[in-house]
Every structure is written in structure tokens, then in C-alpha cells.
Amino acid sequence: MGKKVWRAAVAVGAAAVFAGVAAAPAGAAEGGVSFTRVQVNGGKPIVIGVSKEVAVPVTFRMATTRRWEWPAVFLYRSNTDDRLWHAIETGDCIPAGRGVCDIKETMFFDPSVWDMDNSEAGAWKVAAEVHFEDDGGDTDDEGLTAYVKRNSRLTVNASPEPVAKGKTLTVTGKVTRADWETRKYASYPGRRVSLQFKPTGTTTYTTVKKVYANNSGNLSTTVKASKTGTWRWAYYGNTTTGPSTSTGDNVVVR
């Protein structure tokens, strides 16, 4: 297998070439190819930070009578030339019938190596394409939407520690999200974030209240201390930003 960075170019990998057969496979579209069973990241959003490469699994089925190379699923917006930059790796044909292949693909997004714009966060359309050995190819929109999101982060601190039962406990924190253009995490103001608590000896967090971050992304609220346990913040994300939870801060109540 191999990888190649591309935006509007075709993908390169270990794609097998399927010899043409006498009869067209069932469901083959105009142009000699049909793509079905397309799935990107298991239907989950693609969440990207500022430094780590993100590998996104893709699967699809392709049916064709023609000799082919370089099949791939890709993300686009206004037209199929307006693609999201990433590297790609495709696997060999797994035969699923005469003239039919199941193919596994991996999209690689690396914000530490390639320039990414913050405006690229959000909804993308999904299409599939293949190039033929004898020139030409076929590109089909798949009628699917994939969300590419900026990663978010949360911090937490509860004080005083320990605290007397019935006294006021102050819980603070900060919400930030990935800025792909500076390759750093920046304050994310105005977010509605849930304060959650898990009593010692239990495994489930319960939302106690919801708080809005200030203009610097800072969070602060007070609660009455009643039980020893762990406090954390949880943010559920939006169409451009992924969800996150802070680590837990355990506070002993005496």
C-alpha cells in the first residue's frame, strides 16, 4: 500500500485492477460503475486537533465491467473539484460477486504537516470515483454528509480541597478548541458547558448545572458540598466542533 497527498488529484494505493466481464453487474450506473455501501468513519464526525494525524476508515462497494485503477471516496463542497485536502490509502479488491469489489480505504488528516483552514470545519458532501485503465473515469455523488470538526478541550479545578459538608465549592475550568491555522488551542467563548458530578463508589456522572463560558472561554460556578466525589465539565459540541470532557477532580467532603 502507499499514500499520496491530494486535493483534486486521484488517490493512489494498492488498488487492484479488475478485468472486464461479459455482463454488467446488477446496479451498474451510467458510465459503467456504481458505488454502494459507502461509509465514512462509521457515520461519526471526523474530529481533528492541531498536531496528531487522524486516520479515518472508509468502506465502499464498487461494481463495474471495466478495467480500473485508483477507486476512492472523497469529501467535497461546492463541486467535486473543491475537495478537502488529505492523504489516502486504498486496499485491494475483496471480490463480492462477478465484477463487484468491496474496498477498504483510509483517509489521513495531519494538521501538523498540511495547512488546514478553520473554514473547512463543518459539513462536507461525499462522492466516489474511479479511473479506468483505458483513460477516463467515473465520479458519483453519494448523497451523504460527513462532518469534519475542530477538536475541543476542557480543564477543571474544584476548590477548596477538602471541603466541609454544606460549604460552598467553587468549580472552574476553561473551554478551548483547535485553531487549525495557528496550530494551537484557542479560547472558545460563549459555549454552554455541563458541570457533572460522580459520587465516590459510583460509575455514572450526573449533570448538576449548565454554565456559559465567558469571553475568554473561562468557566466558573459554585455548588454546595454534600458528598465526596469527582467533578468534571462536559461539552457536547456543534456542527464545527467536537465534544469533549475534562478530567475529573476528586474532592473529599468532611
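Before reading on, note that the structure itself is shown above.
Everything quoted here is computed from the prediction, not taken from an experiment. (Residues numbered from 1 in each chain as written. Predicted model: local features only at pLDDT ≥ 70, side-chain atom pairs only at ≥ 80, totals over all residues. Heavy atoms only, no water.)

Caption draft 1: Looking closely at the packing of aromatic side chains. Inspection of the entire model under this criterion finds 4 aromatic pairs. For the pair F197 and W231, a centre-to-centre distance of 4.4 Å together with 40° between the ring planes defines the contact as tilted. Taken together, the residues F197 in strand 14 (residues 192-199) and W231 in strand 17 (residues 229-235) connect sequence positions 34 residues apart. A relative accessible area of 10% places F197 in the buried class. Here R77 stacks its cationic end above the ring of W124, 4.2 Å away from the centre of that ring. (Phe/Tyr/Trp six-rings, centres within 6.5 Å; stacked < 30°, edge-to-face > 60°. Helix = DSSP H or I, 4+ residues; strand = E, 2+ residues; numbered from the N terminus. Buried < 20%, exposed > 50% of the residue type's maximum accessible area, 1.4 Å probe, protein only. Lys NZ or Arg CZ within 6 Å of the ring centre and 35° of its normal.)

Caption draft 2: Seen up close, the nonpolar core. Residues V73 and L75 are the most contacted members of the largest nonpolar core, which totals 32 residues. If you list the elements that add at least two residues to this core, you get strand 2 (33-40), strand 3 (46-48), strand 4 (54-64), strand 5 (68-76), strand 8 (100-109), strand 9 (122-132) and strand 10 (137-150). If near-sequence neighbours (up to four positions away) are discounted, L75 is found in contact with I46, D82, R83, L84, M107, F109, W124, K125, V126, A146 and V148. (Core = buried A, V, L, I, M, F, W, Y, C linked by side-chain atoms within 4.5 Å. Contact = heavy atoms within 4.5 Å.)

Caption draft 3: Seen up close, the pairing of strand 16 (residues 218-224). The alternating pattern of strand 16 places L219, T221 and V223 on a buried face, while none of N218, S220, T222 and K224, on the opposite face, is buried. Bridge count for strand 12 (residues 168-179) against strand 16 is 7 bridges, and the pairing is antiparallel. Across the sheet, residue G173 finds its bridge partner in strand 16, namely L219. (Pairing = 2+ DSSP bridges.)

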